[in-house]
Amino acid sequence: MDYDANSSSTLVVGDTHLKQKYICAAVDVALQRYRIDEVIFTGDYGDDWLASDEVALIALRRFAQWIETKRREGMSIRLVLGNHDLCYLKGVEGPGTQFDIIDEVCDLLERFHAEMAVELDGFLITHAGITQRWIDEYMSVCCGKDKASRVASAARLLNEMFADQTCWDALDSCGSGRGGWDIPGPLWADLWELKADPALGIDQIVGHTPVAQCVSAEIGSNQLWFCDTFSLTSALRPIGNGGMLLVSDGKVEVLSFKQLMGCSWAETMSDYFPGK
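A. Layout of the pairing of strand β9 (residues 244–248). Summarising burial for β9: five of the five residues are buried, a large majority. Residues Met 244, Leu 246 and Ser 248 point to one face of β9 and Leu 245 and Val 247 to the other, with burial holding for every one of them. Inspection of the sheet shows strand β1 (residues 9–13) paired to β9 by three bridges, in the antiparallel sense. Bridging from a neighbouring strand, Thr 10 pairs with Val 247 of β9. Sheet topology places β9 next to strand β10 (residues 251–255); five bridges connect them, and they run antiparallel. Note on β10: the bridge partner recorded for Leu 245 is Val 254.

So this is what it looks like as structure tokens:
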């Protein structure tokens, strides 16, 4: 889309995994350059490859301070919960869970005031996305004859489920694409699982599955956006290019990390080591 300087926008930022120092610097530049009144993060705030407990806590504490500062300044900062994050809240072992600091991480997640879902300009934002099979199995039918009302209904129901701990296992449902035996759910659905069975009549923006760049897919009448561009391989090599999404009046523009920072995400990560 062509950016309209007279329209307010929302910045959608993919999974951060302890790299908030670098990602928030790019967000700050975007806030200066564009008319943005809200920032939404797609989850998975901790748990990076080889991360030490000390580095993890430093990163999450700084992120909490950044969030609180922005909120005091009047910026809307909203965070959806990821599968890594819910493992801490449930007190169960997941991929990368750092048990020695589980209490501290839970306290920090509470400061984030995270949600399960956010409604944005006709899009449903969750960590991994909701499939139609998961809706049919675990959630009441999303009410509404048009997409906007269905998205609003889905967001409300997902957040009501998150508020009820007896529903957490349903939210944590994991399909075969990520090594599970259940139906792909909003914290675990892989990109291919979501593309194979997207929730009917609901446009979605998700993180979770690492992608080389922010990409969209048209599946029937559904529009899907994938924006997990900050993740690394186990060798700490970037998978994506650090792109983010700028959403205004239902239209989506991709902002590249290099466009904002003057250097690429790969260059920025060249000396990154979370085990320090």
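B. Looking closely at helix α3 (residues 83–90). The element α3 is largely enclosed, with a buried count of six among its eight residues. The set of residues buried in α3 consists of Asn 83, His 84, Asp 85, Leu 86, Cys 87 and Tyr 88. The inward-facing, buried residues of α3 abut α4 (102–112), α6 (147–163), α7 (168–171) and β6 (203–210). Of the residues trailing α3, Gly 91 is marked for its positive phi of about 70°.

C. Looking closely at the pairing of strand β8 (residues 222–228). In terms of burial, β8 is largely enclosed, as seven of its seven residues are buried. Where β6 lies against β8, four bridges are found, and the strand directions are parallel. Along β8, the bridge assignment pairs Gln 204 with Leu 224. Sheet analysis places strand β7 (residues 215–219) next to β8, joined by five bridges and oriented antiparallel. Among the inter-strand pairings, Ile 219 is bridged to a residue of β8, identified as Asn 222. Here β7 folds back onto β8, and the loop between the two strands holds two residues, one of which, Gly 220, carries a positive phi near 65°.

About the thresholds
- Residues numbered from 1 in each chain as written.
- Predicted model: local features only at pLDDT ≥ 70, side-chain atom pairs only at ≥ 80, totals over all residues.
- Heavy atoms only, no water.
- Buried < 20%, exposed > 50% of the residue type's maximum accessible area, 1.4 Å probe, protein only.
- Helix = DSSP H or I, 4+ residues; strand = E, 2+ residues; numbered from the N terminus.
- Pairing = 2+ DSSP bridges.
- Contact = heavy atoms within 4.5 Å.

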